[in-house]
Amino acid sequence: MHDLNKPAGVLVKTTLVDFPGHVAAAIFLTGCNLRCPYCYNTGLVFNNEPVENLSSVNDLFEHLEKRKNVISALAISGGEPLVNPYLKDIIQKAKSMGLKIKMDTNGMLPDRLEAFIKDENLRPDFIAMDIKTSPDRYAEEMLAKPMPSEKQVMAEALKRSANLIASYPTDSREYRTVLVPNLVTKEDIKNIAEILPEDASWQFAGFRNKNCLNEAYNNLPPYLDSQVNELIEYAQSLIPGAALR
């Protein structure tokens, strides 16, 4: 049994942007299995966020009860939710209250993802998957000390998770990519598109060079608007549902 009074994540009490079509609460859980160089949620990734910024699972539950007549959904992000020990408790409670569940994932844990999808008590109603770069670049770019064998393992995990999420209806899933110049070129977009369903909603976001996990990325200029437009147009030629958010 987990202690639901311990700090678990950052609570956003009301959000209109984290779950399409819903007024939702959101919880950003601590812990992550990747070290993306441009990540700005480092306190969550390293699980060293100041305690005063964190809420417990019971804090979340109390808030959901108070706002149950206002919100219709709960968005669960991170970090990586699938590594957080409280994920099952949170989903089961929210579902028992009739709330819809959206979960964000980096796709590196397909076995756990599949287990949640197959369990009706844990299955998210909507899944968003972040894809950082070409599948075969993950080990070198996202791990602090990659092993040679990890390149293929991580690429296959990403592809499998993309396929699992593709089993959802089109309006219940999305794939997301941040336009980081070092990581997302036309070639990377081509490689990512190859693992997505043709009807994917593929949402791109601009890169923010501030408070990055790898400090060198704080000095990396974002793409110019003209470059962003060119990349989005190229992505749309491969996946019509590609768009800049």
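What comes next is a walk through the structure. This structure is a prediction, so every number in the text was calculated from the model and none was measured. Position numbers for residues start from 1 in each chain and track the written sequence from start to end. Only residues with pLDDT of at least 70 are given local features in this predicted model, and only at 80 or more are side-chain atom pairs given and counted; all residues enter the totals for whole chains, interfaces and linings. Excluding hydrogens and water, the side-chain values take into account all heavy atoms of the structure.

Observations regarding the pattern of salt bridges
Close approach of charged atoms allows side chains of opposite charge to pair.
Here is step 1: When a carboxyl oxygen of Asp or Glu is within 4 Å of a side-chain nitrogen of Lys or Arg, the pair counts as a salt bridge. This model, assessed by the stated rule, comprises 15 salt bridges.
Here is step 2: In this structure, the salt-bridge partner of K159 is E156, at a minimum N-O distance of 3.8 Å. With K159 and E156 both in helix α6 (residues 150-166), this residue pair falls three residues apart, about one helical turn.
Here is step 3: What makes K159 partly exposed here is its relative accessible area of 32%.
Here is step 4: Between buried and exposed lies partly exposed: a residue is buried under 20% and exposed over 50% of the maximum accessible area for its type, with that area taken using a 1.4 Å probe on protein chains only. Relative accessible area serves as the criterion here: at 42%, E156 is assigned to the partly exposed category.
Here is step 5: When the shortest N-O distance is used, the salt bridge between R176 and E174 registers 4.0 Å.
Here is step 6: Through salt bridges with shared partners, a single ionic network connects K102, D104, D130, E174, R176 and R245. Note on conventions: DSSP H or I runs of at least 4 residues are helices, E runs of at least 2 residues are strands, and numbering of each starts at the N terminus.

Focus: the packing of aromatic side chains
Here is step 1: Centre distance within 6.5 Å is the pairing criterion for rings of Phe, Tyr and Trp, where only the six-membered ring of Trp is used; planes under 30 degrees apart are then read as stacked, over 60 as edge-to-face, and the remainder as tilted. If you walk through the whole model with that rule in mind, you get two aromatic pairs.
Here is step 2: Ring geometry for W202 and F204: centres 4.6 Å apart, planes at 40°, overall tilted.
Here is step 3: The class for W202 is buried, based on a relative accessible area of 0%.
Here is step 4: The class for F204 is buried, based on a relative accessible area of 1%.
Here is step 5: For the cation-ring pair, K93 lies above F61, with the distance from its terminal atom to the ring centre recorded as 5.9 Å.
Here is step 6: For R123, the ring lying beneath its charged end belongs to Y168, and the centroid distance is 4.3 Å. Here, a charge over a ring is recorded when the distance from Lys NZ or Arg CZ to the ring centre is within 6 Å and its angle to the ring normal is within 35 degrees.

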